[in-house]
2 protein chains.
Amino acid sequence: MRLPGLADPHVHLREPGSEEKEDFYTGTCAALAGGFTALLDMPNNPTPTVSAEALAEKKRLAAAKIVCDVGFNFGATPTNAPVYPAVIPEVAALKAYLGETHGPIVFGSLEGMLSVFQGWNSPKPIMIHAEGPIVAATIGLAALYDRRIHICHLSKADELTLVRAAKERGLKVTCEVAPHHLFLTREDAAPERLGPYGRMSPALQTGRDIDELWQGLADGAVDMIATDHAPHTRAEKESSKPPFGVPGLETAFPLLYREVYRGKAGLTLDRLVELMAIAPRRVFGLPQGDSEIEIDDTEFIISSENLHTKCGWTPFEGQTGRGRVRRVWLRGQLVFEDGRVLASPGSGRVLFSA
Amino acid sequence: MRLPGLADPHVHLREPGSEEKEDFYTGTCAALAGGFTALLDMPNNPTPTVSAEALAEKKRLAAAKIVCDVGFNFGATPTNAPVYPAVIPEVAALKAYLGETHGPIVFGSLEGMLSVFQGWNSPKPIMIHAEGPIVAATIGLAALYDRRIHICHLSKADELTLVRAAKERGLKVTCEVAPHHLFLTREDAAPERLGPYGRMSPALQTGRDIDELWQGLADGAVDMIATDHAPHTRAEKESSKPPFGVPGLETAFPLLYREVYRGKAGLTLDRLVELMAIAPRRVFGLPQGDSEIEIDDTEFIISSENLHTKCGWTPFEGQTGRGRVRRVWLRGQLVFEDGRVLASPGSGRVLFSA
């Protein structure tokens, strides 16, 4: 079975600054192994991607190592709006972390939010990390300043209610859901189950939330799947302060396709292709039609043995997947086959570069 | 000089439950002394006005004691939307306390906010107690659910920026500013100045915020003045945990009119009448044209000696006022003259009653 190459607008490739977790080579190898040929990398590195210089440095590093296409999302701070005009052509989107959980580029002031929404004068989306009432705040700001927003890793039924209402009103709002919020529950984060490997932001939710997310995948309220691939080392995860995040690139498609095969929530294969390939490319202006993947339409057991991500673990260990990626072609080249990356480092393209 | 009777959509008359601070008689006497002939009372009593029964009891108590007209704002909780249809004809507006500062009827969950905005199916306003990003959230919800909202005691420049943008977009958003946010600054709340008598929510702000509020009064971004008359006893204010709030009914007009006389921010007398009489009556559906006040166009020193409010103090002690209220007529009757209330208890009308 052949499908278009998948695209993921929300990954953390960890370079520069956290190469013990992942780097541009291992992360893009994991992408190919998972059927993804285009990624958008997030800005919350130790030196955050909130300046033109940090963005240029990331692109330089990526160009030498990536084996699939990678674009970058720029990081908002309460005060860096003056640099937006220079970086808008160089990035896919702006990322605003609104809340208290992610460190140096997180903020919650109305003043900062106004700076972001007034300053980002572009049809490219503002990607929103926010929960609860702050999601409503960003929808309000999108309405007031006529901006396109994209709600990242939406995890709760009430947030999806907002997105549905915003779409009915014709506002330019899209959203993504992460596989871990579809396949894992609050109970899975218990100490005797995943423990720190189930620690993520937003947190895992309840059955009602998960049911609503599945309904949204099927009926179009959810625009796309994004893995929020956020690898950490086992040592970090087993430390006294385990960081938020889990890897996801190599497990997303097999988990989702398993449910398509089983008929969950009326989700069809066409809809899954929309969610994982067509919509992210359309919304974020990524290449369309330049890649293809071949799927082995059988079940298998997900195992950390076979992963390309440097972190070497998955919260979905032991779960059943369906549709292992056998081959990936990018611009006519066979770049991945039966577990082996054939592309050479640097053969992927840095997107949104003049 | 004669003007229309003033109206205040935001007062705390404290009855039932806190009659040591104020009651329906003393609070409405203070109103007449300040030139107000119609008030809207807030629901945050010790037993909050969040049920039809509590509302009926308040009306019963008020009917026997008030000397000016009084309507009531119903209190929202995260779960009392089912009672809205029954109470909508009986109240001026819904009040939603969104935040962490006011006790039993304050909430901050998106679920609760959705319940309020989905449930309040009325052209009557939802009055919002909120600050910062939550103001943006309520504007978003107003846009999504086509509700009329009124931002209470707006105190910050950034919040006024939001209201301006919402009005430009044609959203049904109004706002009020309280005199203490216009005449007192953060510095006035210092221990050696007002100390606990300067403690309120929202807190006193900075010079830049105050300048923006004055600009908004003059140019129309601010719709009205509301005193947020919130009396507490001196003993409460001087306790180890002083409560939020200050009285305001008897000082609002003289302070504002002083500034009109001095030409501050281009504020005219016509505009002040709009802000303190016409707009609150129009927005909240209060009687128009049934009352009149006569003003003594001279300066005087504001003093707690002459107050009708039961609490007996004012944070504006010693400030210069202009335009003491000499006479008040309501429906043709002289109800106040030279410091004396002539109306008998119960002669005021309970508004929004079948």
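Chemist: What is the right way to look at the overall build of chain A in this model?
Modeler: A count of helical and extended segments in chain A gives 11 helices and 14 strands. The C-alpha atoms of chain A give 19 Å as radius of gyration, which agrees with the globular expectation for 354 residues (20 Å, within 12%). By principal-axis analysis of the C-alpha atoms, chain A measures approximately 50 × 45 × 45 Å. Burial analysis of chain A (354 residues in total) assigns 56% to the buried set. Across chain A, the fraction of contacts at a sequence separation of at least 24, relative to all contacts at a separation of at least 6, is 74%.

Chemist: Honestly, the interface of chain B and chain A in this entry has me stumped. Any pointers?
Modeler: Often the size quoted for an interface is simply the accessible area lost on bringing the parts together. Facing the 25 residues of chain B at the interface are 25 residues of chain A. Counting only elements with at least two residues in the side of chain B that touches chain A, the list comes to helix H4 (110-119), helix H5 (133-145) and helix H6 (157-168) of chain B. Considering every element that reaches the side of chain B that touches chain A, the biggest residue donor is H5 of chain B, with 11 residues.

Chemist: Is there a simple way to explain the pairing of strand E12 (residues 320-330) of chain B in this structure?
Modeler: Consecutive side chains of a regular strand alternate in pointing toward one face of the sheet and then the other. Residues and elements named next belong to chain B. Relative to E12, strand E11 (residues 291-301) runs antiparallel, the two sharing 9 bridges. Across the sheet, the residue bridging to Phe300 is Gly321, located in E12. As paired strands, E12 and strand E13 (residues 333-337) are joined by 4 bridges and run antiparallel to one another. Residue pairing in the sheet places Arg327 in a bridge with Glu337 of E13. Hairpin connection of E12 to E13: 2 residues between the antiparallel strands, including Arg331 at a positive phi of 50°.

Chemist: It is not clear to me how the sheet that holds strand E1 (residues 2-4) of chain A should be interpreted in this structure. Could you clarify?
Modeler: Strand pairing in a sheet relies on backbone hydrogen bonds. The paired strands run either parallel or antiparallel. All names here are of chain A. Strand order across the open sheet formed by 5 strands is E1-E11-E12-E13-E14, with antiparallel pairing between neighbours. The strands lining the two open edges of the sheet, one partner per strand, are E1 and strand E14 (340-341). With 2 bridges joining them, strand E13 (residues 333-337) and E14 adopt antiparallel strand pairing. The residue bridging Phe336 from the neighbouring strand is Val341, located in E14.

Chemist: I'm lost on H4 of chain B in this one. Help?
Modeler: Structurally, the α-helix is built with 3.6 residues per turn, so residues lying three or four positions apart point the same way. By the criterion of burial, H4 of chain B is predominantly enclosed, with 7 of the 10 residues buried. All of the buried residues in H4 of chain B are Leu110, Gly112, Met113, Leu114, Ser115, Val116 and Phe117 of chain B. Contacts from the buried residues of H4 of chain B go to helix H5 (133-145) and helix H6 (157-168) of chain A together with strand E5 (93-98), strand E6 (106-107), strand E7 (126-129) and H5 of chain B.

Chemist: Looking at this model, I keep getting lost on the relation of the copies chain B and chain A. Mind explaining?
Modeler: Related by rotation about an axis and a shift along that axis, the two copies of the chain form a pair. When chain B is brought onto chain A, the operation consists of a screw motion whose angular component is 180° and whose axial shift is 0.0 Å, with 0.0 Å RMSD remaining. Overall, the copies show the geometry of a two-fold rotation axis.

Chemist: Honestly, the sheet that holds strand E1 (residues 2-4) of chain B in this entry has me stumped. Any pointers?
Modeler: Residues and elements named next belong to chain B. What the 5 strands build is an open sheet, ordered E1-E11-E12-E13-E14; its pairing is antiparallel. Both outer strands of the open sheet, E1 and strand E14 (340-341), are each paired with one neighbouring strand and no more. Packed onto the sheet, helix H1 (residues 24-33) meets E12, E13 and E14 and runs at close to 90° relative to E13.

Chemist: Please clarify how the confidence of the model for chain A should be interpreted in this entry.
Modeler: In regions of low pLDDT, the predicted coordinates are not meant to be interpreted in detail. For chain A, per-residue confidence averages 96 on the pLDDT scale, and residues scoring 70 or more make up 99% of the total. Predicted complex metrics record ipTM = 0.95 and pTM = 0.96.

Chemist: It is not clear to me how the packing of H5 of chain A against H6 of chain A should be interpreted in this structure. Could you clarify?
Modeler: Residue and element names in this part refer to chain A. Between H5 and H6, the shortest axis-to-axis distance is 9 Å and the interhelical angle comes to 15°. The angle between H5 and H6 places the two elements in the roughly parallel class. As for how H5 packs across H6, the hand of that crossing is right-handed. The segment H5 lies against H6, with Val135, Ala136 and Ile139 engaging Glu159, Leu162 and Ala166.

Chemist: Honestly, the environment of Asn121 of chain A in this entry has me stumped. Any pointers?
Modeler: Here Asn121 of chain A lies in the loop between helix H4 (110-119) and strand E7 (126-129). Assessed through the 13 C-beta atoms surrounding it within 10 Å, Asn121 of chain A is described here as partly exposed.

Chemist: What exactly am I supposed to notice about helix H11 (residues 269-284) of chain B here?
Modeler: All names here are of chain B. The end-to-end C-alpha separation of H11 is 22 Å, in line with the 22 Å expected for 16 residues at 1.5 Å each. Of all bends in H11, the biggest is about 45°, found at Leu275. Turning to H11, its buried residues number three or more, namely Leu272, Leu275, Met276, Ala277, Ala279, Pro280, Arg281, Val283 and Phe284. In the stretch just after H11, Gly285 is the one whose phi turns positive, near 70°.

Parameters at a glance
Residues numbered from 1 in each chain as written. Chains lettered and ligands numbered in written order. Predicted model: local features only at pLDDT ≥ 70, side-chain atom pairs only at ≥ 80, totals over all residues. Helix = DSSP H or I, 4+ residues; strand = E, 2+ residues; numbered from the N terminus. Rg over C-alpha atoms; globule rule 2.2 N^0.38 Å. Buried ≥ 20, exposed ≤ 12 C-beta atoms within 10 Å, placed from the backbone. Contact = placed C-beta atoms within 7 Å. Pairing = 2+ DSSP bridges. Least-squares fit on C-alpha atoms with pLDDT ≥ 70 in both. Axes fitted to C-alpha atoms, helices over the stretch in contact; angles between N-to-C directions. pLDDT = per-residue confidence, 0-100. Parallel < 35°, antiparallel > 145°, perpendicular 65-115°, else oblique. Left-handed = near helix turned anticlockwise from the far one by under 90°. Expected span 1.5 Å × (residues − 1). Bend = angle between axes of the 7 residues up to and from the residue.

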